[in-house]
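# Summary of structural features
One-letter residues, chain by chain:
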Amino acid sequence: MPEQSVPDSSNAVQEQNPYGSAPAGPKRVRTRHFQNAKQNGIPITGLTSYDMLTAGIFDQAGIDFLLVGDSAGNNVFGYETTLPVTVEELIPLTRAVARAVKRALVVADMPFGSYEGGAEEALHTAVRFMKEAQAHAVKLEGGVRSHKQIKRIVSSGIPVMAHVGFTPQSEHGLGGHLIQGRGDAAERLIADALAVQEAGAFAVVLEMVPGSVAAEVTKRLEIPTIGVGAGPSVDGQLLVWTDFAGMTEGRVPRFVRQYANLRGVLTDAVHRFREDVDSGAYPAPEHNYE
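The residue numbers shown here count from 1 along each chain, following its written sequence. The model is predicted, so local features are restricted to residues of pLDDT at least 70 and side-chain atom pairs to those at 80 or more, both for listing and for counting; the totals for chains, interfaces and linings are taken over all residues. Heavy atoms from the whole structure form the basis of all side-chain values; hydrogens and water molecules are not counted.

In a regular helix each residue adds 1.5 Å, so 14 residues correspond to 20 Å; helix H5 (residues 87-100) covers 20 Å between its end C-alpha atoms and thus fits that length. Partly exposed describes any residue whose relative accessible area lies between the buried limit of under 20% and the exposed limit of over 50%, with all areas from a 1.4 Å probe on protein chains only and scaled to the type maximum. Helix and strand labels come from DSSP, where a helix needs a run of H or I of at least four residues and a strand needs a run of E of at least two; each type is numbered from the N terminus. For H5, the full list of buried residues reads Val87, Glu89, Leu90, Ile91, Leu93, Thr94, Val97 and Ala98. Any pair of residues with heavy atoms lying within 4.5 Å of one another is described as a contacting pair. The inward-facing, buried residues of H5 contact helix H3 (52-60), strand S2 (65-68), helix H4 (72-75), strand S3 (105-109) and helix H6 (119-132). Each helix should span, by expectation, one fewer than its residue count multiplied by 1.5 Å.

Structure below.
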């Protein structure tokens, strides 16, 4: 995400916003680069991460921000939902990710029950993530209902990424994993997005929102929109890394494109290791010390 404007050309964007070892672009992604990206039409990329190994890989590949999501509840701790996740569980994961990156912005998810009590509770949680986990920003769910919390955190100098549309922490209240913002609910979604912008959020995640509604929100907001199943007309895209890399077992959301089958690769490797041990093929002479 460069700081200067770029020509309207995909090649020019790639030159100005490279991945890997190319030299251009910010040495460290800051919240101001998100705003610059929106102004210049440069897509923002985000992935979840919960450990230093994946964080280092994603960072080196040029991903702009890493979200230490409460999706760790499903992908690390084995919970059925994100609701049981605690601050104490996410802090060491966030710390590991923050230590591994050199460029990406690290965003810590504030879990259910850590900010709903009011602005001061929200600030206390955010401060813990910044001090104890070395996060660069925090994320919390809710639009109008979270306005006071976002405003209090931002006023204390902590950047906030907001999250509206389908909010997983509210899945029971929403009646399950349902698309948000259809029909008459579109205006409510827009109101939520405007509320978090007014509160000072530097970006907002739109999850499971019709593409036309997401496009309207993106047009009306001055801050960047990050899509999770919100179509192509947003300012950036975010995916859960275990979904996009093919680690997740069973059904994945419709909006996910799987770029690899790491589950299959690891399963095959484990089978071959077990067979080699069973047959005596491993360890071979070259693996022995003299």
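Working convention: axes come from line fits to C-alpha atoms, limited for helices to the stretch in contact. Angles between N-to-C directions cover 0 to 180 degrees. It is at 9 Å that the axes of H5 and H6 come closest, and there the two elements cross at 35 degrees. Here H5 and H6 pass one another in a crossing that is right-handed. For the pair formed by H5 and H6, the contact residues are Val87, Glu88, Leu90, Ile91, Thr94 and Arg95 on the first element and Thr125, Arg128, Phe129 and Glu132 on the second. Note: crossing handedness is left-handed where the near helix turns anticlockwise from the far helix by less than a right angle, and right-handed where it turns clockwise.

Here we come to the packing of aromatic side chains. To describe a pair of aromatic rings, one takes the distance between the centres and the angle between the planes. Here a Phe, Tyr or Trp ring, Trp counted by its six-membered ring, pairs with any other such ring whose centre lies within 6.5 Å, and the pair is stacked when the planes are under 30 degrees apart, edge-to-face when over 60, and tilted otherwise. This model, assessed by the stated rule, comprises seven aromatic pairs. Seen from their ring centres, Phe58 and Phe244 are 6.4 Å apart, and the 70 degrees between their planes marks the pair as edge-to-face. Highlighted residues: Phe58 in helix H3 and Phe244 in helix H11 (residues 241-244), separated in sequence by 186 residues. Relative accessible area serves as the criterion here: at 9%, Phe58 is assigned to the buried category. Put simply, the rings of Phe58, Trp241, Phe244 and Tyr259 pair up and form one aromatic cluster.

Let us now look at the sheet that holds strand S7 (residues 225-228). For two strands to be treated as a pair, DSSP must find at least two bridges joining them. Taken in spatial order, the eight strands of this closed barrel run S1-S2-S3-S4-S5-S6-S7-S8, and their pairing is parallel. Taken pair by pair, the neighbouring strands of this sheet meet at an average axis angle of 25 degrees, ignoring direction. Strand direction decides the pairing type here: strand S1 (residues 44-48) and S2, joined by three bridges, are parallel. Note on S2: the bridge partner recorded for Leu47 is Leu66.

Count 3.6 residues to each turn of an α-helix, and residues three or four apart come out pointing the same way. When H3 is considered as a whole, its buried residues turn out to be Thr54, Ala55, Gly56, Phe58 and Asp59. Check the buried side of H3 and you find it contacts S1, S2, H5 and H11. In this structure Asp51 caps H3, since a side-chain oxygen of it lies 2.9 Å from the backbone nitrogen of Leu53. Backbone geometry just after H3 places Gly62 at a positive phi near 95 degrees. Throughout this description, a polar contact denotes any pair of N or O atoms lying within 3.5 Å of each other; where both atoms belong to protein, one of them has to be capable of donating a hydrogen while the other can accept it, and for residues adjacent in sequence the pair is counted only when both atoms sit in side chains.

Take a side-chain nitrogen of Lys or Arg and a carboxyl oxygen of Asp or Glu: if they are within 4 Å of each other, that pair is a salt bridge. Inspection of every chain in the model, using the stated rule, returns nine salt bridges. Salt-bridge contacts for Asp64 lead to Arg103; the nearest nitrogen and oxygen are separated by 3.1 Å. You can see Asp64 sitting in the loop between H3 and S2 and its partner Arg103 sitting in the loop between H5 and S3, a full 39 residues away along the chain. Accessibility expressed as a relative area gives 13% for Arg103, which makes it buried. In this structure, Asp109 engages Lys139 in a salt bridge whose closest nitrogen and oxygen atoms are separated by 2.9 Å. Residue Asp109 is found in strand S3, and its partner Lys139 is found in strand S4 (residues 137-141); the two are separated by 30 residues along the sequence. For the pair Asp109 and Lys139, a shared accessibility class is recorded, and that class is buried. Here the salt bridges do not stand alone but share partners, grouping Glu88, Arg128 and Glu132 into one network.

Residue-level confidence of the predictor, termed pLDDT, takes values from 0 up to 100. Looking at the protein, the pLDDT average stands at 90 and 89% of residues meet or exceed 70. Ignoring residues within four places in sequence, the model shows residues 2-23, a span with pLDDT below 50, making 35 contacts including any to other chains.

The next point concerns the pairing of S3. In terms of burial, S3 is a largely internal element, five of the five residues being buried. Burial of S3 is two-sided: the residues Leu105, Val107 and Asp109 facing one way and the residues Val106 and Ala108 facing the other way are all buried. In this structure, S2 lies alongside S3, joined through four bridges in parallel fashion. Pairing of Leu67 across the sheet is with Val107, part of S3. The sheet contact formed by S3 and S4 spans three bridges and is parallel. When the sheet's bridge partners are listed, Asp109 is paired in S4 with Lys139.

On to the nonpolar core, then. By size, the foremost hydrophobic cluster in this structure holds 57 residues, and its most contacted members are Leu66, Met110, Phe129, Ile153 and Leu206. Per element, the largest residue contribution to this core is six residues, and it comes from helix H9 (residues 185-199). Here Phe129 is in contact with Val87, Leu90, Ile91, Thr94, Ala108, Asp109, Met110, Pro111, Gln134, Ala135 and Val138, once residues within four sequence places are set aside. Counting residues in each nonpolar core, the second largest holds 17 residues, with Leu105, Val107, Phe202 and Val228 among its members. The nonpolar core is taken to be a set of buried Ala, Val, Leu, Ile, Met, Phe, Trp, Tyr and Cys residues, with the residues joined through side-chain atoms within 4.5 Å.

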